[in-house]
Amino acid sequence: FVSELATQLALLVAEKSDVQSALNYLFVAYQANPYNQLAYTKFQELQNSRGETLPPEAKILHQRNMLTVNPYDLDTAIRYGDMLQQVQIYDVAAKAYEYAAELYHYLYPGKALPDEILHPWLLSCYNADRLETKCLAVAEAHRNPKRFNLLLESVAGKTLIRLEQVEKGKRVLETAAQKAESLISAGQSSVVYPEYLAWFNSFVAEQPEKALAWSNQAYQDDPNRPGVEAIFAYALAANGQNDLAQKYAEPQKDTDQIALLTMAIIQLSNEQKQEALDSLKATVEMAPETFVAHKAIELLKEQGSDYIPSLSPESLQEVLQQEYKFGSTPEFTEPEKRFSAKLLFNGSDFLYGADFPARLVIENTSSEPLIISDEGLLSGRLRVDAVL
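Residues numbered from 1 in each chain as written. Predicted model: local features only at pLDDT ≥ 70, side-chain atom pairs only at ≥ 80, totals over all residues. Heavy atoms only, no water.

Asker: What exactly am I supposed to notice about the nonpolar core here?
Answerer: Soluble, globular proteins show a tendency: their nonpolar side chains are buried together. Residues Leu84, Leu122, Trp199 and Phe203 are the most contacted members of the largest nonpolar core, which totals 92 residues. Ranked by the residues each element gives to this core, the list is headed by helix α6 (residues 90–107), at 10 residues. Once residues lying within four places of it in the same chain are set aside, the contact partners of Leu84 are Ile60, Ile89, Val92, Ala93, Ala96 and Leu320. Grouped together as the second largest cluster of nonpolar side chains are 12 residues, Ala6, Leu23, Leu46 and Leu54 included. (Core = buried A, V, L, I, M, F, W, Y, C linked by side-chain atoms within 4.5 Å. Buried < 20%, exposed > 50% of the residue type's maximum accessible area, 1.4 Å probe, protein only. Helix = DSSP H or I, 4+ residues; strand = E, 2+ residues; numbered from the N terminus. Contact = heavy atoms within 4.5 Å.)

Asker: Help me out: how do you make sense of the layout of surface pockets in this one?
Answerer: Any space left empty among the atoms is revealed by the rolling of a water-sized probe across them. The computed volume of the largest pocket comes to approximately 880 Å³. In this structure, the largest pocket is lined by 27 residues; those nearest its centre are His119, Leu151, Tyr196, Trp199 and Ile258. For the lining of the largest pocket, the elements supplying multiple residues, two or more each, are α7 (115–127), α9 (150–162), α11 (194–203), α15 (257–269) and α17 (291–302). Looking at the lining of the largest pocket, the element that brings in the most residues is α7, giving 4 residues. (1 Å grid on protein atoms, 1.4 Å probe; cavity = no way out; pocket = protein on both sides within 12 Å on 5 of 7 lines; lining within 4 Å. Points joined across faces, edges and corners; volume = space filled by probe spheres on them.)

Asker: In this structure, what is going on with the packing of helix α5 (residues 74–86) against α7? I would like to understand it.
Answerer: Helix packing geometry: the angle between the two helix axes and the distance between the axes. Viewed as axis vectors pointing N to C, α5 and α7 meet at an angle of 30°, and their least axial separation amounts to 11 Å. The angle between α5 and α7 places the two elements in the roughly parallel class. Helix-helix and strand crossings are classified by hand; for α5 and α7 the assignment is left-handed. Listed contacts from α7 to Leu74, Ile78 and Gln85 of α5 are Glu116, Ile117, Pro120, Leu123 and Ser124. The residue inventory of the contact of α5 with α7, partitioned by class, reads 5 nonpolar, 2 polar and 1 charged. (Axes fitted to C-alpha atoms, helices over the stretch in contact; angles between N-to-C directions. Parallel < 35°, antiparallel > 145°, perpendicular 65-115°, else oblique. Left-handed = near helix turned anticlockwise from the far one by under 90°. Nonpolar A, V, L, I, M, F, W, Y, C, P; charged D, E, K, R; others polar.)

Asker: What exactly am I supposed to notice about helix α16 (residues 273–286) here?
Answerer: Think of an α-helix as turning once every 3.6 residues; residues three or four places apart then point the same way. Between its first and last C-alpha atoms α16 spans 20 Å; for 14 residues at 1.5 Å apiece the expected length is 20 Å, and the two agree. When α16 is considered as a whole, its buried residues turn out to be Ala276, Leu277, Ser279, Leu280, Thr283 and Val284. An end-on view of α16 places all buried positions within 165° of arc, on one side of the element. Contacts made by the buried residues of α16 are with α15 and α17. (Expected span 1.5 Å × (residues − 1). Arc of directions from axis to C-beta.)

Asker: Looking at this structure, how should I read the pattern of salt bridges?
Answerer: Side chains carrying opposite charge are able to pair once their charged atoms draw close together. Counted according to the given criterion, the structure contains 10 salt bridges. For Glu368, the salt bridge identified is with Arg64, shortest N-O distance 2.9 Å. Residue Glu368 is located in the segment after β2 (358–364), and its partner Arg64 is located in helix α4 (residues 56–69); the two are separated by 304 residues in the primary sequence. Arg143 serves as the salt-bridge partner of Glu140, at 2.7 Å between the closest nitrogen and oxygen. (Salt bridge = Lys/Arg side-chain N within 4 Å of Asp/Glu carboxyl O.)

Asker: Which parts of the structure should I look at to understand a nonpolar patch on the surface?
Answerer: Among the surface-exposed residues, Leu343, Phe345, Phe350, Phe356, Leu360, Ile362, Ile372, Leu382 and Val384 lie close enough to one another that they form a single nonpolar patch of about 820 Å² accessible area. Put simply, the parts of the chain that give the nonpolar patch at least two residues each are β1 (339–345) and β2. For Leu343, the position within the fold is in strand β1. When its relative accessible area of 35% is taken as the criterion, Leu343 is described as partly exposed. (Patch = residues over 30% accessible without salt bridge, like charges linked within 9 Å, V, L, I, M, F, W, Y side chains within 5 Å. Areas by Shrake-Rupley, 256 points an atom, 1.4 Å probe, with all protein chains shown as cover.)

Asker: Looking at this structure, I do not really get the environment of Glu209. What am I missing?
Answerer: Turning to its location among the elements, Glu209 is positioned in helix α12 (residues 208–221). When its relative accessible area of 66% is taken as the criterion, Glu209 is described as exposed. For the pair formed by Glu209 and Tyr106, sequence separation is 103 residues and the distance between their alpha carbons is 45 Å.

Asker: Explain the environment of Tyr40 to me, please; I cannot follow it from the model alone.
Answerer: Looking at the secondary structure, you find Tyr40 in helix α3 (residues 37–49). Judged by relative accessible area, which is 9%, Tyr40 ranks as buried. Spatially, the C-alpha atoms of Tyr40 and Ser3 are 11 Å apart, while their sequence positions differ by 37 residues. Apart from the residues within four sequence positions on either side, Tyr40 is in contact with Tyr30, Leu54, Ala58, Lys59 and His62.

Spelled out as structure tokens, the structure:
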């Protein structure tokens, strides 16, 4: 009640442009109820209006809270994983994506796991400490004979090489490249585009000449397809054609990770070392889980500079562990195992027209809190079906 009241007071004073008082009320509202979505959203909106932002740990904690509010909201589960991956807490991110995968299979039984869950799950396992076996298990479980997945095979091959199964890993990568090439030759470009092979030969197999050939084919096919110009620019730079590479990379360096990495390579060739180091670090921060980021880190080391994350993953993970005693990511539980509901009456026979008081008993049978709210699994509305 305190939280709801403070939220309404905040909305009222915000209408009078008293931003600081509104923020104070919203802070009270959120402290009283950390599952208050409206208070959080409005607080963030008012902070943004003053050019301020919430710290990353606050955003992550809120997203975790929203997963508690409605554990069956797939978008919430995926966003939680995305946030963890961005701040490089890969082991927890891997669990979050595993949760999202279990939820997806519960909501859509029999359907193949979409790439928006599978790809970040694989990359989180690949980047986490001591999750190589899990990474291979995920790849094996989600190989689809009807739909070739180049990133899955790339992660599987690189993981085997990391586990010192070098020959087996190389065979997986070679087979993947051959399969992708055959699909393109057969005209199945809806499955594998030439730029996919340009990416593969740039960051997985690291064969610059092949990368240039495939990126050139992609550019000839459709230069406006997302990512085509960026990978073409990178392949040009990797083959020493810096002037032409800069023409394609520079306009996209603020939004495309590969384009930014290309600009870093060009800056290194022009002996602009500090600018190049800044660009390489920004490349990693843009999407630290990718093979593109790994290449940027490799180039940083070659220049005698270590990559240090702007946010400490260890500190953020400690905050999560302190906040959630049952785990930073919940265990997936089906609704019927999460709570039970009973409607109890005093007796079983009732006179026509007379009141018959009833008690609703909802029991939480899981280790997670059971939140009743408008956004939650239980919104507070009741429906009783009666047979007369």
